[in-house]
Amino acid sequence: MGATTSLPMYAVEDVPGKGKGLIATEDIPKGTRITSEKPIFTSGEHVGTMEQLEIRIHQQVGSLSKDQQREFCSMENIYPYNNSTERWRGIFRTNALPMGPELATGGIFLKACRINHACDNNAQNFWNENLDQLTIHAVRDIVKGEEITISYLRSRRNRRARQEELRENFKFTCSCRLCSLPPDQSRDSDSKLDRVHELDCVIEEGGVPGLVSSARRMLGYVDEQVRLWNEPAPDEVGLVRAYPDAFQIAIANGDLARARIFAQRVVPLYMNSIGDESPGVAQYSKLVRDPTTHDYYGMSMKWKTTLDEKRRKETAQGQLADLRDRETFPCFDDLPDEQDLDTDYFECRDMANRRPVRHWCFLAEIQDFNSFIRLQMTVKDVDGATLPLFFHTNRRGDELPQSQIQKGYTVAILYAVRHAFMSCEPGIRHENPQMMKIFHLSLDGLQSLSEKVQNVSTELDGVRTCHGCGQKGTSRKRCGRCSSVWYCTRVCQKADWIEEGHKAECKVLKDPDWRAMLRLKWDEFDGHVHFPLRTRETS
Ligand SMILES: C[S@@+](CC[C@H](N)C(=O)[O-])C[C@H]1O[C@@H](n2cnc3c(N)ncnc32)[C@H](O)[C@@H]1O
């Protein structure tokens, strides 16, 4: 892949209505490097005005060989001119191809500049800074006799926008396959391209902060783009733009498993369109090996996964919630800010009417507390960050019973938001006691318990796992207090109670709030829930 054969696989020929163009002289499979070449001259990097460009081109053309000058002068010029300097500038502006993504520098390439445009191009031009050459790769299979085409457009918009851009910049009306679709198919194609463009704009508008603050929404948009680019058949030119976005969203939120999958999808797409010695292929191959090397890694860990782990799916039917799931049980940094409309958490209305799109719960372990004027705690969150928690309850009797609060217990706050205190210290200001609950277990104990419940309380074909020794069997001996765990023998049960700490867990397992927390459909919001927490299954 990416190799150029010694004989060119194309010929420069007259193409009706387009001047000259490149025609394939053999079948060219997708991914083939059709040509790779150095410019005969460039605009240079810092050309500010037309006059400067004119001077630069005059000097450059003057120093070309006679053959190169002849070739250059035979190129198309769509601009009027009065003298040779203006003519050369016109030829340069008609033909120069970009050397880099910034479009700041353009170059004249004797072969590549002969390639005409098509909106559904079958080849792609790319300035490869590793090779210091411009490459042209086939992005689709090209058959012998077919014209080789690239896209002159910044992005693929609807038919009208494309035609306007081409008329304005290149003075021709495109009649490619996409521009010549029958009206109903053209309408379908336009509405798909309009939607892709609309999604591009929203993703771009969110910028880097949006990758975290609106991660779910952004990934949903990219997912929609991928679906659109796959209809009716995969369009690699579109997909190669979408997957890097998906990678960035996953890595910015700590989801190594998905980030790696997205990086894996980028690599072959880049190989096909820009070649295996391109910086993009090197960059994404490295990210497949270790996605944590990306700059955005660590911005947030709310979707944290290890490389080989599958991200846990939303609470599926019958599946219990996982207290280690960072989306439902976020760390402090991933909570929405009191002042922001974080669309990962809220529907996009105004601040006064923001409505959650799902439920979430902040979990933290109590490190210290006092109730000098108001109840105040210092807590440690799921990421190990320490922060203050202040309670402002105005209704008398709403305060939490002091007996419930102890160092080492875990506090759970529904719909928690970040608050900046007068001292500028970040923390949580809490007002509604119904949104808070203290569990008499450490945070780690609570998280492990949710895992254990998932693993040992469920039965498969009548087979259960003994909570004491871990062996599988069909025993019917169940803890009579919490009814949540099974044992193979009384000996196992006794040992678990005394030695393995089931005594402390049992209290939590019996708690209806705990049971409801595991069974709540956290992703389905149809009104706020509060403590005492009840779901249809637990009430
Ligand atoms: C970079 S040149 C391409 C090579 C050019 N055809 C030649 O003969 O040297 C760009 C110019 O080619 C013509 N051209 C390119 N693509 C075309 C298309 N799809 N339809 C009509 N003219 C096209 C336009 O005049 C455009 O300004």
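Residues numbered from 1 in each chain as written. Predicted model: local features only at pLDDT ≥ 70, side-chain atom pairs only at ≥ 80, totals over all residues.

1. Notes on the overall build of the chain
Thinking step 1. The helix and strand inventory of the chain stands at 13 helices and 21 strands.
Thinking step 2. Computed over the C-alpha atoms, the radius of gyration of the chain is 32 Å, more than 25% above the 24 Å expected from 2.2 N^0.38 for a compact globule of 539 residues.
Thinking step 3. If you line up the chain on its principal axes, its C-alpha atoms span 95 × 55 × 45 Å.
Thinking step 4. Among the 539 residues that make up the chain, the fraction classed as buried is 36%.
Thinking step 5. Of the contacts made within the chain by residues no fewer than 6 positions apart, 62% connect residues no fewer than 24 positions apart. (Helix = DSSP H or I, 4+ residues; strand = E, 2+ residues; numbered from the N terminus. Rg over C-alpha atoms; globule rule 2.2 N^0.38 Å. Buried ≥ 20, exposed ≤ 12 C-beta atoms within 10 Å, placed from the backbone. Contact = placed C-beta atoms within 7 Å.)

2. Observations concerning the sheet that holds strand E5 (residues 97-98)
Thinking step 1. On the basis of which strands lie adjacent, the open sheet formed by 3 strands has the order E4-E6-E5 and antiparallel pairing. Two strands close off the open sheet at either side, each with one partner strand: strand E4 (41-42) and E5.
Thinking step 2. Alignment of E5 against strand E6 (residues 106-108), held across 2 bridges, turns out to be antiparallel. Bridging across to E6, Leu-97 finds its partner in Gly-107. (Pairing = 2+ DSSP bridges.)

3. Thoughts on the packing of helix H7 (residues 236-252) against helix H8 (residues 256-274)
Thinking step 1. The interhelical angle for the contact between H7 and H8, taken along N-to-C directions, is 150°, at an axis separation of 8 Å. Looking at the two axes, H7 sits roughly antiparallel to H8. You can see that H7 and H8 cross each other, and the crossing is left-handed. Contacts between H7 and H8 pair Glu-236, Leu-239, Val-240, Tyr-243, Pro-244, Ala-246, Phe-247, Ala-250 and Ile-251 from the former with Arg-258, Ala-259, Phe-262, Ala-263, Arg-265, Val-266, Leu-269, Tyr-270, Asn-272 and Ser-273 from the latter.
Thinking step 2. The residue makeup of the contact of H7 with H8, split by class, is 14 nonpolar, 2 polar and 3 charged. (Axes fitted to C-alpha atoms, helices over the stretch in contact; angles between N-to-C directions. Parallel < 35°, antiparallel > 145°, perpendicular 65-115°, else oblique. Left-handed = near helix turned anticlockwise from the far one by under 90°. Nonpolar A, V, L, I, M, F, W, Y, C, P; charged D, E, K, R; others polar.)

4. A short note on the nonpolar core
Thinking step 1. Ranked by internal contacts, the top residues of the largest apolar core, which has 64 residues, are Ala-246, Phe-247 and Ile-249.
Thinking step 2. Each of two domains, domain 1 (10-170) and domain 2 (183-293), supplies a minimum of three residues to this core.
Thinking step 3. In terms of nonpolar packing, the next biggest core, distinct from the first, is built from 42 residues, Met-436, Val-453, Leu-509 and Leu-533 among them. (Core = buried A, V, L, I, M, F, W, Y, C linked by C-beta atoms within 7 Å. Domains from an automatic or database assignment.)

5. Points about the environment of Glu-129
Thinking step 1. Within the secondary structure, Glu-129 is located in the loop between strand E8 (123-128) and strand E9 (133-138).
Thinking step 2. For Glu-129, a count of 11 C-beta atoms within 10 Å gives the class exposed.
Thinking step 3. For the pair formed by Glu-129 and Gly-100, sequence separation is 29 residues and the distance between their alpha carbons is 8.0 Å.

6. Notes on the environment of Lys-144
Thinking step 1. Examined against the element boundaries, Lys-144 turns out to sit in the loop between E9 and strand E10 (147-150).
Thinking step 2. Residues Lys-144 and Ile-28, 116 residues apart in the sequence, show an inter-C-alpha distance of 7.4 Å.
Thinking step 3. Setting aside anything within four residues of it in sequence, one finds Lys-144 in contact with Ala-24, Thr-25, Glu-26 and Asp-27.

7. Some words on the site of the ligand
Thinking step 1. Lining the immediate environment of the ligand, one finds 19 residues, of which Gly-19, Lys-20, Asn-116, Phe-170 and Phe-172 sit closest.
Thinking step 2. Put simply, the parts of the chain that give the shell around the ligand at least two residues each are strand E2 (19-24), helix H3 (84-95) and strand E7 (116-117).
Thinking step 3. Ranked by the residues each element gives to the shell around the ligand, the list is headed by E2, at 3 residues.
Thinking step 4. The class makeup of the residues in the shell around the ligand is 7 nonpolar, 7 polar and 5 charged. (Near = placed C-beta within 6 Å.)

8. What to know about the packing of helix H5 (residues 183-213) against helix H6 (residues 215-229)
Any two packed helices are characterised by the angle at which their axes cross and by the distance between the axes.
Thinking step 1. Packing of H5 against H6 leaves a shortest axis separation of 9 Å and a crossing angle of 150°. When the interaxial angle is binned, H5 and H6 end up roughly antiparallel. By crossing handedness, the relation of H5 to H6 is classed as left-handed. Together, Lys-192, Arg-195, Val-196, Leu-199, Val-202, Ile-203, Gly-206, Gly-210, Leu-211 and Val-212 of H5 and Ala-215, Met-218, Tyr-221, Glu-224, Gln-225 and Leu-228 of H6 make up the contact between the two elements.

9. Regarding the sheet that holds E8
Thinking step 1. Judged by pairing direction, the sheet is antiparallel, and its 3 strands sit side by side in the order E3-E9-E8 without closing on themselves. Each having just a single partner strand, strand E3 (33-37) and E8 make up the two edges of the open sheet. Taking each pair of neighbouring strands and ignoring which way they run, the sheet shows an average axis angle of 15°.
Thinking step 2. Looking at chain direction, E3 and E9 are connected through 4 bridges and run antiparallel. Pairing of Arg-33 across the sheet is with His-137, part of E9.

10. Side note on the domain arrangement of the chain
When the parts of a complex come together, some accessible area is lost, and that lost area is often used as the size of the interface.
Thinking step 1. Domain assignment breaks the chain into domain 1 (10-170), domain 2 (183-293), domain 3 (332-439) and domain 4 (443-519).
Thinking step 2. The partner domain 4 presents 5 residues to the 7 residues of domain 3 that form the contact.
Thinking step 3. Looking at the side of domain 3 that touches domain 4, the elements that each hand over two or more residues are strand E11 (361-370) and strand E17 (436-439).
Thinking step 4. Broken down by element, the residue count for the side of domain 3 that touches domain 4 peaks at 3 residues, all from E11.
Thinking step 5. A class-by-class count of the residues in the side of domain 3 that touches domain 4 yields 4 nonpolar, 1 polar and 2 charged.

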